[in-house]
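Coordinate analysis (summary)
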Amino acid sequence: QKEVEQNSGPLSVPEGAIASLNCTYSDRGSQSFFWYRQYSGKSPELIMFIYSNGDKEDGRFTAQLNKASQYVSLLIRDSQPSDSATYLCAVKEGTALIFGKGTTLSVSS
Amino acid sequence: DGGITQSPKYLFRKEGQNVTLSCEQNLNHDAMYWYRQDPGQGLRLIYYSQIVNDFQKGDIAEGYSVSREKKESFPLTVTSAQKNPTAFYLCASTDGSNYGYTFGSGTRLTVV
């Protein structure tokens, strides 16, 4: 069973700080990785995807991938209260996405 | 606007009943998926279909059934064999690129 692991949190950061979310995966052959944001009671929305080692930046979000260590992380700079949500890490296995349980982020103003 | 429509938004099922959740997409995506989410949990794959008239079991297919008679539609039936069906059900589709999935707004099923 391929696994994706995340700390459930909650991760609490003050407004304006950097939030760091981490994810590890079990299948060394995995190629594509995704971060989704999910507000309570809503469906997930795609924030970032990454498939090359290194960093990928999009606005306040940076995804980091280290295939040798089998982890992928998401950094959120200048965190805002509106960033408070659950962040789901997903790994593509064949045609399907395997999700972690998510990390709950709380940004206090 | 292109997207995925799930209906109904809320569904109540009596013990022993079968219920069917609807998922329709107008994105022209070949692949469609059903996930289940329990409180505080991630998404678990129930069934998926990569092409019309073909589908595969995911990690938790027991007690569920699907059909894919049209490219646009992928309904999920929760049968009476599913002993704990209360959950949030999400339908998704993809064109196979690395842009991830597009999700519907979900159906919240409750057993009463």
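Here the structure is shown first, and the text comes after it.
Remember, it's a predicted structure, so these values are computed and weren't measured experimentally.

Details of the overall build of chain B
For chain B, the count of helices and strands is zero helices and eleven strands. Seen in sequence order, chain B has helices and strands lined up from the N terminus as β-β-β-β-β-β-β-β-β-β-β. A globule of 112 residues ought to have a C-alpha radius of gyration of about 13 Å, and chain B, at 13 Å, matches this closely. Taken along its principal axes, the extent of the C-alpha atoms in chain B is 40 × 25 × 25 Å. Here the analysis covers contacts within chain B between residues at least 6 apart in sequence; of these, 52% occur between residues at least 24 apart. Summed over all atoms, the accessible surface of chain B reaches about 5500 Å², with 46% contributed by carbon and sulfur.

With respect to the packing of aromatic side chains
Evaluation of the coordinates by the stated rule reveals 14 aromatic pairs over all chains. With a centroid separation of 4.7 Å and 45° between ring planes, the pair formed by Tyr25 of chain A and Phe33 of chain A is classed as tilted. Take Phe33 of chain A: its relative accessible area is 1%, and that puts it in the buried class. Between Tyr35 of chain B and Phe103 of chain B, the ring centres sit 6.3 Å apart and the planes meet at 50°, which makes this aromatic pair tilted. Residue Tyr35 of chain B is located in strand S4 (residues 31–37), and its partner Phe103 of chain B is located in strand S10 (residues 102–103); the two are separated by 68 residues in the primary sequence. Taken as a pair, Tyr35 of chain B and Phe103 of chain B share a single burial class, namely buried. Among the aromatic residues, ring-to-ring pairing joins Tyr36 and Phe99 of chain A together with Tyr33, Tyr35, Tyr48, Tyr101 and Phe103 of chain B into one connected group. A cation sits over an aromatic face here: Lys56 of chain A above Phe49 of chain A, 3.4 Å from the ring centre.

Some thoughts on the sheet that holds strand S7 (residues 61–66) of chain A
Residue and element names in this part refer to chain A. Read from one edge of the open sheet, five strands run S1-S3-S8-S7-S6, paired in antiparallel fashion. One side of each edge strand has no neighbouring strand; the edge strands of this open sheet are strand S1 (4–5) and strand S6 (54–58). Sheet topology places S7 next to strand S8 (residues 71–76); six bridges connect them, and they run antiparallel. Bridging across to S8, Thr62 finds its partner in Leu75.

The rules we used
Residues numbered from 1 in each chain as written. Chains lettered and ligands numbered in written order. Predicted model: local features only at pLDDT ≥ 70, side-chain atom pairs only at ≥ 80, totals over all residues. Heavy atoms only, no water. Helix = DSSP H or I, 4+ residues; strand = E, 2+ residues; numbered from the N terminus. Rg over C-alpha atoms; globule rule 2.2 N^0.38 Å. Contact = heavy atoms within 4.5 Å. Areas by Shrake-Rupley, 256 points an atom, 1.4 Å probe, with all protein chains shown as cover. Phe/Tyr/Trp six-rings, centres within 6.5 Å; stacked < 30°, edge-to-face > 60°. Buried < 20%, exposed > 50% of the residue type's maximum accessible area, 1.4 Å probe, protein only. Lys NZ or Arg CZ within 6 Å of the ring centre and 35° of its normal. Pairing = 2+ DSSP bridges.

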